[in-house]
Amino acid sequence: MFPVAQTWLVRQGNSDLRRHGIFTWTLPAWVVTLPSGTSMNVCPSAGICAQLCFARQGTYRFSNVRAAHMGDLLLTVDDALPRFEEMMSEELQHRRYRGRFVRLHDAGDFHSRAYLKAWLRIMDSAPEDVSFYCYTKEVCL
Ligand code: SF4
């Protein structure tokens, strides 16, 4: 029997980021429609940046890319969030992240206080030589 290929939550970034050993965790940018039909603002504090947003153009609009980002977003909302925290915490123990950087939100942002707190716990539980960084508009969550 062949081993099942590992599916990573955190992906390799573009070629520039890859060269620097940076992985990325990305959500859809700004307002999206969830499969339930409700809309959600993934960047609640976005202002003018939403009009110029790089992540609402180009390859980010490819259907496979949008589907992947939507799938990741769905892991972080409502009842799914505790399981996301568990899975992400477990994944970040893997040796591929040792000595590397993880960039949160190539697109998207901390869309809720609960999601932000989950990430703070995830980062706290990661090995010390895994580093995280992000850009955010959410200074007051
Ligand atoms: S916060 Fe970032 S991802 Fe969100 S709309 Fe602004 S530029 Fe785009």
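Preceding this section is the structure that the text describes.
Read on for a plain summary of the structure. Since we're looking at a predicted model, the values are computed, not measured.

**Here we look at the site of the ligand**
In the neighbourhood of the ligand, the contacting residues comprise Ala 29, Cys 43, Ala 46, Cys 49, Ala 50, Cys 53, Ala 107, Gly 108 and Lys 137. Across the shell around the ligand, the residue classes tally to 7 nonpolar, 1 polar and 1 charged.

**Let's talk about the packing of aromatic side chains**
For the structure shown, the criterion picks out 10 aromatic pairs. Here Tyr 133 and Tyr 135 contribute two aromatic rings whose centre-to-centre distance is 6.0 Å and whose plane-to-plane angle is 90°, an arrangement assigned as edge-to-face. With a relative accessible area of 54%, Tyr 135 lands in the exposed category. What links up through ring pairs into an aromatic cluster is the set Trp 25, Phe 84, Phe 110, Tyr 115, Trp 119 and Phe 132. Lying across the ring of Trp 8, Arg 96 places its NZ or CZ 3.9 Å from the centre.

**Considering the sheet that holds strand β2 (residues 22-25)**
Strand order in the open sheet made by the 4 strands is β1-β2-β5-β6, with mixed pairing throughout. Taken across any chain shown, the strands that pair with only one partner, and hence form the sheet edges, are β1 (11-12) and β6 (131-134). With 4 bridges joining them, strand β5 (residues 101-104) and β6 adopt parallel strand pairing. When the bridges of β6 are listed, Phe 101 appears paired with Ser 131.

**Side note on unusual backbone geometry**
Note: most residues except glycine have negative phi, and most peptide bonds are trans. In this structure, Trp 30 is a non-glycine residue whose phi angle is positive, near 60°. Assignment of secondary structure puts Trp 30 in the loop between β2 and β3 (31-33). Overall, the relative accessible area of 25% leaves Trp 30 in the partly exposed class. One non-glycine residue with positive phi stands out, namely His 105, at about 65°. Mapped onto the fold, His 105 is located in the loop between β5 and α5 (113-125).

**Thoughts on helix α3 (residues 63-74)**
With 12 residues, α3 should reach 16 Å at 1.5 Å per residue; the first-to-last C-alpha distance of 16 Å fits that figure. Listed as buried for α3 are His 69, Met 70, Asp 72 and Leu 73. Looking straight down α3, one finds that the buried residues subtend no more than 160° of arc, so they occupy a single side. Summarising the geometry of α3, the exposed residues directed more than 90 degrees from the buried face are Ser 63 and Asn 64. Where α3 is buried, its residues contact β1, β2, β3 and β4 (39-41).

**Remarks on the packing of helix α4 (residues 81-91) against α5**
In the contact formed by α4 and α5, the axes pass within 9 Å of each other and the chain directions differ by 20°. As the angle between them shows, α4 and α5 are arranged roughly parallel. Read as a crossing pair, α4 and α5 show a hand that is right-handed. Every residue of α5 that contacts α4 at Leu 81, Phe 84, Glu 85, Met 88 and Ser 89 is listed here: Ala 114, Tyr 115, Ala 118, Trp 119, Arg 121, Ile 122 and Ser 125. Taken together, the residues that form the contact of α4 with α5 break down as 8 nonpolar, 2 polar and 2 charged.

Procedures and definitions
- Residues numbered from 1 in each chain as written.
- Predicted model: local features only at pLDDT ≥ 70, side-chain atom pairs only at ≥ 80, totals over all residues.
- Heavy atoms only, no water.
- Near = heavy atom within 4 Å.
- Nonpolar A, V, L, I, M, F, W, Y, C, P; charged D, E, K, R; others polar.
- Phe/Tyr/Trp six-rings, centres within 6.5 Å; stacked < 30°, edge-to-face > 60°.
- Buried < 20%, exposed > 50% of the residue type's maximum accessible area, 1.4 Å probe, protein only.
- Lys NZ or Arg CZ within 6 Å of the ring centre and 35° of its normal.
- Pairing = 2+ DSSP bridges.
- Helix = DSSP H or I, 4+ residues; strand = E, 2+ residues; numbered from the N terminus.
- Expected span 1.5 Å × (residues − 1).
- Arc of directions from axis to C-beta.
- Contact = heavy atoms within 4.5 Å.
- Axes fitted to C-alpha atoms, helices over the stretch in contact; angles between N-to-C directions.
- Parallel < 35°, antiparallel > 145°, perpendicular 65-115°, else oblique.
- Left-handed = near helix turned anticlockwise from the far one by under 90°.

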